[in-house]
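Residue strings, one per chain:
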Amino acid sequence: MVATSETYGGIPPVEPAPDEQQTTLDRDFLDDCHGAIAELRLDSAWNFKAQLQTRSAIWGGLLRCDFLIPGESLVNRLICWKSSDGRAAIAIAVGQT
């Protein structure tokens, strides 16, 4: 199933849902996510840390990447999933505890 914003409120949850399974996602999906991240032209000083790959019955493959912004102490999270048009979609949660 490919979720749409109308179906499940727009974006996957910041934290993995209890029914998500940690997995290794296929290379094409990861390449699409990394390409979408590169298109954002994020500040190169952002320091990406942990990366988690999961599969959800609702969202399909999900990539969550934690990152730090220099001078800030809170953790931020980038979430990538495949949208209904087949492209990688990105959401950024800033200042998570």
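Quick notes on the rules
Residues numbered from 1 in each chain as written. Predicted model: local features only at pLDDT ≥ 70, side-chain atom pairs only at ≥ 80, totals over all residues. Heavy atoms only, no water. Pairing = 2+ DSSP bridges. Helix = DSSP H or I, 4+ residues; strand = E, 2+ residues; numbered from the N terminus. Phe/Tyr/Trp six-rings, centres within 6.5 Å; stacked < 30°, edge-to-face > 60°. Buried < 20%, exposed > 50% of the residue type's maximum accessible area, 1.4 Å probe, protein only. Polar contact = N/O pair within 3.5 Å; in protein donor to acceptor, adjacent residues only side chain to side chain. Disulfide = S-S within 2.5 Å. Core = buried A, V, L, I, M, F, W, Y, C linked by side-chain atoms within 4.5 Å. Contact = heavy atoms within 4.5 Å.

**As for the pairing of strand 2 (residues 47–56)**
Here two bridges tie strand 1 (residues 21–22) to strand 2, and the two strands are oriented antiparallel to one another. Its bridge partner being in strand 2, Gln 22 is matched across the sheet by Thr 54. Bridge count between strand 2 and strand 3 (residues 60–68): eight bridges; the pairing is antiparallel. Bridged to Gln 51 within strand 3 is Cys 65.

**Quick look at the packing of aromatic side chains**
Under the criterion given, the structure shown has two aromatic pairs. With a centroid separation of 5.1 Å and an interplanar angle of 40 degrees, the aromatic rings of Phe 48 and Phe 67 are classed as tilted. Residue Phe 48 is located in strand 2, and its partner Phe 67 is located in strand 3; the two are separated by 19 residues in the primary sequence. A centroid spacing of 5.9 Å and a plane angle of 75 degrees characterise the contact between Trp 59 and Trp 81, whose relative ring orientation is edge-to-face. With Trp 59 in the loop between strand 2 and strand 3 and Trp 81 in strand 4 (residues 75–82), this pair connects stretches of sequence that are 22 residues apart. Of the residues examined, Trp 59 reaches a relative accessible area of 6% and is grouped as buried.

**Some remarks on the side chain of Ser 83**
By the secondary structure assignment, Ser 83 is in the loop between strand 4 and strand 5 (88–96). What makes Ser 83 buried here is its relative accessible area of 16%. Here the side chain of Ser 83 touches Asp 85 through a polar contact of 2.4 Å, side chain to side chain.

**Remarks on the state of the cysteines**
Enumeration over the complete set of coordinates arrives at one disulfide. The thiol sulfur of Cys 65 is not disulfide-bonded, and the nearest other cysteine sulfur, from Cys 33, lies at 7.8 Å. Judged by relative accessible area, which is 5%, Cys 65 ranks as buried.

**Looking at the nonpolar core**
Leu 25, Phe 29, Leu 30, Cys 33, Ile 37, Leu 63, Cys 65, Phe 67, Leu 78 and Cys 80 together form the largest nonpolar core, which totals 10 residues. Secondary-structure elements contributing two or more residues to this core are helix 2 (27–39), strand 3 and strand 4. Contacts of Phe 67, omitting those with residues within four sequence positions, involve Trp 46, Asn 47, Phe 48, Lys 49, Val 75, Asn 76, Arg 77, Leu 78 and Ile 92. Grouped together as the second largest cluster of nonpolar side chains are six residues, Trp 59, Ile 79, Ala 89 and Ala 91 included.

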